[in-house]
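# Reading the structure
Spelled out from the first residue to the last, the chains are:
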Amino acid sequence: MPRRAKTPTTKRVVRERNASSRPLAGRVAVVAGATRGAGRGIARGLAEAGAIVYCTGRSVRGNPSHYGRPETIDETAEMITAAGGTAIPVRVDHSIEAEVEALFNRVDREHGRLDVLADSVGGENPLLGQYGWFWTTDLKNGKAVFEQSLLSHIITAKHAGRLMVRDRRGLIVQVTENHILSAGGNPMAQSVKFALKGLALSMAAELKPHGVAAVSITPGYLRSERMLQQFGVTEATWRDHGKKDKNFLVSETPLYVGRAVAALAADPHVMKRTGQLFSSWDLAGEFKFTDADGRRPDWGTHDIDYSKHPDWLVELIRNGCEIQISWLDSISRRTSYFLKKMPKPARRAARKAKRS
């Protein structure tokens, strides 16, 4: 007589539902630059997926950063807690290595593991905001730009990487701008955004033997706190600005890129993605998550309206894209040729010799 299939118990159903809705339960994440914008969204997205999230940055109540913004890491943590997540705010200046080292020592002491580092430090650094030709750029704050928005990422990745390499697991995410090589409006901004993509690429090769992945990611047209204020709208009225800027109708909340990072962190095959540059919209299409309002904005397929861009800027973007394609084609050919000259991996060569 055939055996009757077992009916799932209520507890088992609940466990399975929780596992699917909170795939990062029990994991520990650090979000550097969790004060506002993409960093805040990533902290919320990871916590929403079940991770314990350390929210770090310089802005705390009573001691905001020099950006002149009201947001703090305390508020980010409170938003997460109110939504049922777990967040720990820690004030850290990520350009000071001693403070970064102390942060990761604390994470290790309190939890004995680190699964995710998402670094969005300096993403809205006002010093990156100037536009103009490289030969007219004001460089008086150049050193500060690189310390705050690039060196801080290297320092933070260094100390996160030590824990991840030790445990042979983890994901490092560098938050950058644009899903192609170029971004920013002056040589300092360009260098920072380009370098963050390259940083993930170079770290990926070093981390691969240790089972640790490193990637970079970009949001689309980000509806951050600063952008909403700049356009004189709120999250409830943001579509009003779409009457002036059609592109803004395809904008996204910071939570969108947060859910993208959470999807990567929960992907059991994330090592196959190491070193790559991702976008919030591409990952949304693949993993089927949505933005906070249930939409799935796709900046990549959006037909950008350039009607309000000056002709010189459109020409600059076009020239940059054409040169990038040629540069990438050339680099790809050279890299393929270089790889062919490399000796075969020792284990593979040994197996081949044994078979022969």
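## Some points on a nonpolar patch on the surface
On the surface, a cluster of nonpolar side chains totalling about 630 Å² of accessible area is made up of W133, F134, W135, W312 and L316. Mapping L316 onto the fold places it in helix α10 (residues 311-340). By relative accessible area, L316 is classed as partly exposed at 39%.

## Quick notes on helix α9 (residues 280-287)
Among the residues of α9, S280, W281, L283 and A284 are the ones counted as buried. For α9, the arc enclosing every buried residue in end-on projection is 165°, short of the 170-degree limit, so these residues lie on one face. Packed against the buried residues of α9 are β6 (213-218), α8 (254-266) and β7 (277-279). Of the residues flanking the end of α9, it is K288, one or two places downstream, whose phi is positive at about 65°.

## Quick look at the packing of aromatic side chains
Scanning the entire structure with this criterion turns up nine aromatic pairs. Taking the centre distance of 6.4 Å and the plane angle of 65° together, the rings of F194 and W327 count as edge-to-face. Highlighted residues: F194 in helix α6 (residues 187-207) and W327 in helix α10, separated in sequence by 133 residues. For F194, a relative accessible area of 40% corresponds to the partly exposed category. Using a relative accessible area of 44% as the deciding quantity, one classes W327 as partly exposed. Aromatic pair Y221 and F248: ring centres 5.3 Å apart, planes at 70°, arrangement edge-to-face. On the criterion of sequence distance, the pair formed by Y221 in the loop between β6 and α7 (225-230) and F248 in the loop between α7 and α8 is long-range, its members being 27 residues apart. The class for Y221 is buried, based on a relative accessible area of 16%. Site record: aromatic cluster; members linked through ring pairs are Y221, F231, W238, F248 and W299. Between the NZ or CZ atom of R223 and the centre of the ring of W238, over which it lies, the distance is 3.8 Å.

## A short note on the pairing of strand β4 (residues 116-119)
Along a regular strand, successive side chains alternate from one face of the sheet to the other. Taking every second residue as pointing to the same face, both faces of β4 are buried, with V116 and A118 on one and L117 and D119 on the other. Alignment of strand β1 (residues 28-32) against β4, held across four bridges, turns out to be parallel. Along β4, the bridge assignment pairs A29 with V116. Handedness of the crossover joining β4 and strand β5 (residues 171-175) through helix α5 (residues 142-167): right-handed.

## Considerations on the packing of α5 against α6
Look at α5 against α6: their axes get within 11 Å of each other, and the N-to-C directions meet at 15°. Relative to α6, α5 is oriented roughly parallel. When you trace α5 past α6, the crossing you get is right-handed. Facing α5, whose interface residues are G142, V145, F146, S149, L150, H153, I154, A157 and V165, α6 presents M188, S191, V192, A195, L196, L199, M203 and L207. In the contact of α5 with α6, the residues fall into 13 nonpolar, four polar and no charged.

Calculation notes
Residues numbered from 1 in each chain as written. Predicted model: local features only at pLDDT ≥ 70, side-chain atom pairs only at ≥ 80, totals over all residues. Heavy atoms only, no water. Patch = residues over 30% accessible without salt bridge, like charges linked within 9 Å, V, L, I, M, F, W, Y side chains within 5 Å. Areas by Shrake-Rupley, 256 points an atom, 1.4 Å probe, with all protein chains shown as cover. Salt bridge = Lys/Arg side-chain N within 4 Å of Asp/Glu carboxyl O. Helix = DSSP H or I, 4+ residues; strand = E, 2+ residues; numbered from the N terminus. Buried < 20%, exposed > 50% of the residue type's maximum accessible area, 1.4 Å probe, protein only. Arc of directions from axis to C-beta. Contact = heavy atoms within 4.5 Å. Phe/Tyr/Trp six-rings, centres within 6.5 Å; stacked < 30°, edge-to-face > 60°. Lys NZ or Arg CZ within 6 Å of the ring centre and 35° of its normal. Pairing = 2+ DSSP bridges. Right-handed = clockwise from strand over helix to strand, strands pointing away. Axes fitted to C-alpha atoms, helices over the stretch in contact; angles between N-to-C directions. Parallel < 35°, antiparallel > 145°, perpendicular 65-115°, else oblique. Left-handed = near helix turned anticlockwise from the far one by under 90°. Nonpolar A, V, L, I, M, F, W, Y, C, P; charged D, E, K, R; others polar.

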